[in-house]
Amino acid sequence: MPRSDRLFRLLQALRTLHSPVTAARLSEETGVSLRSVYRDIDGLRTAGAVIDGERGFGYRLTEDIALPPQMFTRLEIEALVLGLAEVKHMGEPALATAAGAVLSKITATLPDRLQRQALHAASHVYRFERRDPPVADIGLLREACWQERAVVIGYLDAGQQRTDRQVLPLAIVYLERMLVLLAWCCLRQDYRKFRVDRIVDIRMTEESFRPRRVPMLRDFVAVLNAGAPETSKMTLSGQ
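In this report, we go over the structure that sits alongside the text. This one's a predicted model, so the numbers in the text were calculated from it and none came from an experiment. (Residues numbered from 1 in each chain as written. Predicted model: local features only at pLDDT ≥ 70, side-chain atom pairs only at ≥ 80, totals over all residues. Heavy atoms only, no water.)

## What to know about unusual backbone geometry
Which entries qualify depends on this criterion: Working definition: helices are DSSP H or I runs of at least four residues, strands are E runs of at least two. Numbering for both runs from the N terminus.
Cis geometry marks the peptide bond from Ser19 to Pro20, where omega comes out at 0 degrees. Looking at where Pro20 falls in the secondary structure, it is placed in the loop between helix H1 (3-16) and helix H2 (23-30). In this structure, the amide linkage connecting Arg210 to the following residue, Pro211, adopts the cis form with an omega of 0 degrees. On the secondary structure map, Pro211 appears in the loop between strand E7 (199-208) and helix H8 (213-225). Residue Glu148 is not a glycine yet carries a positive backbone phi of 55 degrees. Checked against the element boundaries, Glu148 lands in the loop between helix H7 (138-147) and strand E3 (149-156).

Structure, rendered in structure tokens:
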């Protein structure tokens, strides 16, 4: 394993495991020898990470070289924890794992007092019914949005009749019980909403529509919001 990969895995283990974590536990987590763990801890310290502890007592990451120290208010921490907890209930294993990793990385950079607030937040999320994982390859659909590439989808209508159509994927919207793809339908030459649970297969094409995704998404959201009550209007992330 390249040393850069070993250092990254060790750093991630220090972020996520309950501290102080022993060298033996780090060795088990990263799959390298104890000697390599000690050497790599020295390497991380040289690179700027502040790691408290020593052999026989365990280690604790107090300042992460990959993230600057984060300063949040108590309410901001509650919002962060609540939002990431909500992601874990969306029915996507990949997103749930990513949410856990984000929280671990950010928590590792907080001072002790704020770490305790993040680990023992007053607000929590619970869902009696979890959303079922999507049948379609949602990761491929998300990648197509990022890359601004057209996709061909096999889609079932309400009567279970299949059509194959090329669409320009603009965004995936997470509703209470389902996921919806906002897209430009090349067949209908118009904006369309597609229920992701009715997409039975996806193929990404080489056709690019860069850099039109963001303005097209804004236009589609404007169409959806036209005439809608204020309480039902859609707002794009970051706006």
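After presenting the structure, the write-up continues.
## Brief notes about the packing of aromatic side chains
What characterises a pair of aromatic rings is the spacing of the ring centres plus the angle enclosed by the ring planes. Applied cut-off: Between 30 and 60 degrees the pair is tilted, below 30 it is stacked and above 60 it is edge-to-face, where a pair is any two Phe, Tyr or Trp rings, Trp via its six-membered ring, whose centres lie within 6.5 Å. Exposure is judged per residue with a 1.4 Å probe applied to protein chains only, and the accessible area is read against the type maximum: over 50% gives exposed, under 20% gives buried, and values in between give partly exposed.
If you walk through the whole model with that rule in mind, you get three aromatic pairs. When the centroid spacing of 5.1 Å and the interplanar angle of 80 degrees are considered together, the rings of Tyr155 and Phe194 count as edge-to-face. Note that Tyr155 is positioned in strand E3 and Phe194 in strand E6 (residues 190-195), a separation of 39 residues in sequence. With respect to burial, Tyr155 and Phe194 carry one shared label: buried. Note on Tyr191 and Phe220: the rings are 4.8 Å apart at their centroids and 15 degrees apart in plane angle, and the pair reads as stacked. Separated by 29 residues along the polypeptide, Tyr191 in strand E6 and Phe220 in helix H8 bring together distant segments of the chain. Comparing Tyr191 with Phe220 shows no difference in burial state: the two are buried. Taken together, the ring pairs connect Trp184, Tyr191 and Phe220 into an aromatic cluster.

## Looking at the state of the cysteines
The test is simple: The disulfide criterion used throughout: a pair of cysteine sulfur atoms within 2.5 Å.
Following the criterion strictly, the structure yields zero disulfides and no others. Cys145 forms no disulfide, and the closest cysteine sulfur to it belongs to Cys186, at a distance of 14 Å. For Cys145, a relative accessible area of 6% translates into the label buried. Considering cysteine sulfurs only, Cys185 is the nearest to Cys186, which forms no disulfide, with 6.7 Å between them. Here Cys186 falls in the partly exposed class, since its relative accessible area comes to 25%.

## Observations concerning the environment of Val81
The cut-off we apply is this: Residue contacts are defined here by distance: any two heavy atoms, one from each residue, within 4.5 Å place the two residues in contact.
Relative to the elements of secondary structure, Val81 occurs in helix H4 (residues 74-88). Residues Val81 and Val173, 92 residues apart in the sequence, show an inter-C-alpha distance of 21 Å. Beyond its immediate sequence surroundings of up to four residues, Val81 is in contact with Leu103, Ala118 and Ala121.

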